[in-house]
Amino acid sequence: MNIQMPVTLKMGDLMSEEEFFQFCQMNDTLEFERDSHGNIILMSPTGSFTGGFNSKVLTELGIWNKENQLGEVFDSSTGFTLPNGAIRSPDVSWIKSDNWNALSQEEKEQFAPICPDFVIEIRSKSDELQYLQDKMLEYLANGSELGWLIDRFEGKVGVYRSGQAVTVHDTLDIDLSGESVLPGFLLNPGALIK
Amino acid sequence: MLLGSALFIALFCIFDKSRNKNEVMNIQMPVTLKMGDLMSEEEFFQFCQMNDTLEFERDSHGNIILMSPTGSFTGNFNLRVSGHLFLWNEGSGLGEVFDSSTGFTLPNGAIRSPDVSWIKSDNWNALSQEEKEQFAPICPDFVIEIRSKSDELQYLQDKMLEYLANGSELGWLIDRFEGKVGVYRSGRAVTVHDTLDIDLSGESVLPGFLLNPGALIK
């Protein structure tokens, strides 16, 4: 019998932020997040198809970023410490150059204390939709300007904008715009799946 | 030795069709969380109390092992076995019986939770009340491990040898999936019976105790 993911391990005050970082390094074949109460969340590994899709999305953003030189792109193994204390690991994320450069080298080597300006969460088979929706709202509340939640199982895309209601598109075949955050960036999730 | 083995970290993804298209991927249990020096014994005890809907063990290196919950059929079988031991113990008055939620701190530092265990009165009474309220620093004199669907056989076999190495005198590993019973005796080679329909004897450890696992399943 197996346990349904994600599993939340309540931690109380048992583990400091630095200890959590060490814990993640020691267990680098497993995926963890940490919520704003300090509880550890054991994530399931991503299926191979979703992993491939993630990397296509990441590549598109990487190409745009290379041409525009406006910031830094991060993959799904990257942890960030949000202002509310949670440590999250978006599937794809992007930080404006100025914000990234304001961090010290030491901060960059740990789970950097910053909320990405732009995040993408890609639902994998194991992901509870509600869990991802909550994370998107948490990103916005902690400073993200724009976020996309791509759900290829339901064929939907949620667009999360700072200070605005969520827009949900009932198709993956849509040109998502980077708007003012990533000027000129366009992504059609449906086209990447084929 | 034992569970340093990263073998169990091997994560197999199982697709379990549930309602609609909401398919769920799970992680194969048990999962070993390497802990280094991050958690003291007392902190581990607190951790277990906070997460009492989950089952944990701790190996002799201090790593936390996240166990899977037991299926209902196995849970019922566990209770039948411990019920028989309890009845024998009530009659003989020789010791104390413990259920599968009980943790013990073995001499090698591991914290284990056998499915059924029994400690001689003298050994149990030698513990302080405070020790009894925590994961008591003692290795049960007699242990039974009952394989559930999720259990890796090798993991259980390693645990049985660990019990013996830490002071258990007798142990039974009941595997109803393979239809086998392993009898582990201190200082001796393991005896494996290829059937569940056998009268297992408590020998000199639990004099007069007999259990036929096959009869309990029917």
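Residues numbered from 1 in each chain as written. Chains lettered and ligands numbered in written order. Predicted model: local features only at pLDDT ≥ 70, side-chain atom pairs only at ≥ 80, totals over all residues. Heavy atoms only, no water.

Caption draft 1: Local environment of the overall build of chain B. Across its full length, chain B holds six helices and 15 strands. When burial is assessed residue by residue, chain B has 51% of its 218 residues classed as buried. When contacts within chain B are restricted to residue pairs at least 6 apart in sequence, long-range pairs at least 24 apart make up 54% of them. When the accessible surface of chain B is totalled, it reaches about 10,100 Å², and 49% of it is carbon and sulfur. (Helix = DSSP H or I, 4+ residues; strand = E, 2+ residues; numbered from the N terminus. Buried < 20%, exposed > 50% of the residue type's maximum accessible area, 1.4 Å probe, protein only. Contact = heavy atoms within 4.5 Å. Areas by Shrake-Rupley, 256 points an atom, 1.4 Å probe, with all protein chains shown as cover.)

Caption draft 2: Molecular detail of the sheet that holds strand E10 (residues 146–151) of chain A. Residues and elements named next belong to chain A. Strand order in the open sheet made by the six strands is E5-E8-E9-E10-E11-E12, with mixed pairing throughout. Two strands in the sheet have a free side with no partner beyond their single neighbour: strand E5 (71–74) and strand E12 (167–169). Sheet twist, expressed as the average angle between the axes of neighbouring strands with direction ignored, equals 10 degrees. For strand E9 (residues 118–122) and E10, the ladder comprises five bridges, and the chain directions are parallel. Its bridge partner being in E10, Phe118 is matched across the sheet by Leu146. Running over the sheet, helix H2 (residues 48–68) touches E5, strand E8 (92–96), E9 and E10 and is turned about 20 degrees from E8. Sitting on the sheet, helix H5 (residues 129–141) is in contact with E9, E10 and strand E11 (156–161), with an inclination near 170 degrees to E10. (Pairing = 2+ DSSP bridges. Axes fitted to C-alpha atoms, helices over the stretch in contact; angles between N-to-C directions.)

Caption draft 3: The arrangement of the environment of Lys56(A) in detail. Residue and element names in this part refer to chain A. Topologically, Lys56 is positioned in helix H2. Sequence separation between Lys56 and Phe118 is 62 residues; the distance between their C-alpha atoms is 17 Å. Apart from residues no more than four positions distant in its own chain, Lys56 is found in contact with Leu192 and Lys194.

Caption draft 4: View of the pattern of salt bridges. Tallied over the full model, the rule gives 16 salt bridges over all chains. Between Lys120(B) and Glu169(B) there is a salt bridge, with the nearest N and O atoms lying 2.7 Å from each other. Of the two residues, Lys120(B) sits in strand E9 (residues 116–120) while Glu169(B) sits in the loop between helix H5 (153–165) and strand E11 (170–175), which places them 49 residues apart along the sequence. Within this structure, Glu33(A), Arg88(A), Glu121(A), Lys135(A) and Glu138(A) form a network of salt bridges that share partners. (Salt bridge = Lys/Arg side-chain N within 4 Å of Asp/Glu carboxyl O.)

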